[in-house]
Amino acid sequence: MEKSLPWNMVAEVNYVGNHGVQVLGIGEGNQPLVLASTTVVSRRPLAKYTVASVKAVGNWNMSYYEGLSSKLEKRFQSGVSFLTTFTYGHALDLQNPALDLCDGCGSGNTIQNNYNLGANRASADNDVRMRYVFAGSFELPFGAGKRWLNQSRLGAAVLGGWRVTGIYQAQTGLPFTPSLSFDAANAGTTTRPNRICDGNIDGRMLQHWFDTTCFVAPTSLTFGNSGRNVLRAPGRSNLDLSAQRDFRMPIEHATILQFRVEAFNGLNHPQFAAPGATVGNAVNGIITATASENRQLQLGARVTF
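Residues numbered from 1 in each chain as written. Predicted model: local features only at pLDDT ≥ 70, side-chain atom pairs only at ≥ 80, totals over all residues. Heavy atoms only, no water.

A. How the structure looks around the pattern of salt bridges. Counted by the stated rule, this structure contains 9 salt bridges. With a shortest N-O distance of 3.8 Å, Lys-71 and Glu-12 are connected by a salt bridge. Within this pair, whereas Lys-71 is found in strand 3 (residues 55-77), its partner Glu-12 is found in strand 2 (residues 9-28), the two being separated by 59 residues in sequence. On the accessibility criterion, Lys-71 (26% relative accessible area) is partly exposed. (Salt bridge = Lys/Arg side-chain N within 4 Å of Asp/Glu carboxyl O. Helix = DSSP H or I, 4+ residues; strand = E, 2+ residues; numbered from the N terminus. Buried < 20%, exposed > 50% of the residue type's maximum accessible area, 1.4 Å probe, protein only.)

B. Examining the pairing of strand 2 more closely. The pairing of strand 1 (residues 2-5) with strand 2 spans 4 bridges and is antiparallel. Across the sheet, residue Leu-5 finds its bridge partner in strand 2, namely Met-9. Linking two consecutive strands that pair antiparallel, namely strand 1 and strand 2, is a turn of 3 residues; a positive phi of about 60° is found at Trp-7 within it. (Pairing = 2+ DSSP bridges.)

C. Fine view of the nonpolar core. In terms of nonpolar packing, the biggest core is built from 12 residues, these being Phe-176, Leu-180, Ala-184, Trp-209, Phe-210, Cys-214, Phe-215, Leu-231, Ala-233, Ala-277, Val-279 and Ile-287. Not counting chain neighbours up to four residues away, the residues in contact with Ala-233 comprise Gly-173, Leu-174, Phe-176, Trp-209 and Ala-274. (Core = buried A, V, L, I, M, F, W, Y, C linked by side-chain atoms within 4.5 Å. Contact = heavy atoms within 4.5 Å.)

D. Fine view of the environment of Gly-199. When you line up the elements, Gly-199 lands in the loop between strand 9 (194-195) and strand 10 (215-216). Each C-alpha atom of the pair Gly-199 and Gly-67 lies 26 Å from the other, and the pair is 132 residues apart in sequence.

E. Region of the structure containing the state of the cysteines. Under the counting rule described, the total for this entry stands at 1 disulfide. Each disulfide pairs two cysteine sulfurs, and for Cys-197 the partner residue is Cys-214, the sulfurs being separated by 1.8 Å. With the S-S bond torsion at -100°, the cross-link from Cys-197 to Cys-214 turns out left-handed. Of this pair, Cys-197 sits in the loop between strand 9 and strand 10 while Cys-214 sits in the loop between strand 9 and strand 10, and the two are 17 residues apart along the sequence. Given a relative accessible area of 32%, Cys-197 falls into the partly exposed group. For Cys-214, a relative accessible area of 2% corresponds to the buried category. (Disulfide = S-S within 2.5 Å.)

F. Spotlight on a nonpolar patch on the surface. A cluster of nonpolar residues, Phe-247, Met-249, Ile-251, Phe-259, Val-261 and Leu-299, forms a patch on the protein surface that exposes about 520 Å² of accessible area. Looking at the element boundaries, Val-261 is found in strand 13 (residues 256-264). The class of Val-261 is partly exposed, set by a relative accessible area of 33%. (Patch = residues over 30% accessible without salt bridge, like charges linked within 9 Å, V, L, I, M, F, W, Y side chains within 5 Å. Areas by Shrake-Rupley, 256 points an atom, 1.4 Å probe, with all protein chains shown as cover.)

Following this line, the structure appears as structure tokens:
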């Protein structure tokens, strides 16, 4: 739905829903049929051909998404334009479909029981529940043809012709999966822990992002009951700023020199990565890194002729 508004603005609301079937997924094709204390290689179903791990690709994966988004746009007028959007949605799947990346995929995309693929259905790795973006441009009202200092050569020379732009983005964090550092089920796969309580806490801190006591190793020769992507990493809040000015060059042909000053993560706000999530590890539940660079400043010039 779209509606024209005063001041050269347009509002829009969208619903998006899609469902993908027969999406490719990858799993262990030589996982033992039964759990026992004997060696994994002695119980592999393809043992007469190979006792090695076998990567099996099939079209058992699925994807599902529903989202509601809104947009408010002001077309350029009187030196001002902006676009702001807000999206609320939910994406689910059985496994990250980026098969070419899955050698480095997290524990949530390693199937612990390849004979129960449905147990991997959960929020997708790229599931961002809420996301807000504002992008705007503002020309300073100084100089020739503007509201102020239009008769002042000095004022126009100093303040005239400048344009300030900014992009602000905020979103909820991506999900992640607690894991074990050993194969508790002795199935030749990555076993997940047992989830004995929720794990999410109020007042999260870098040194204590979730309740690590809620995730424990299961009994030997059993799979853990913890689901995939049951916890959330920190969200994002970032502001990029830019100021630019065009200078007309005093030469025969129409030539413009554009000067730009840009600040990425202009407020120098740390964007934290997901915490450690391996049961028993020294950094379990602790955030030790950032997900992106701190503030970066950049100067640029461009000649247009």
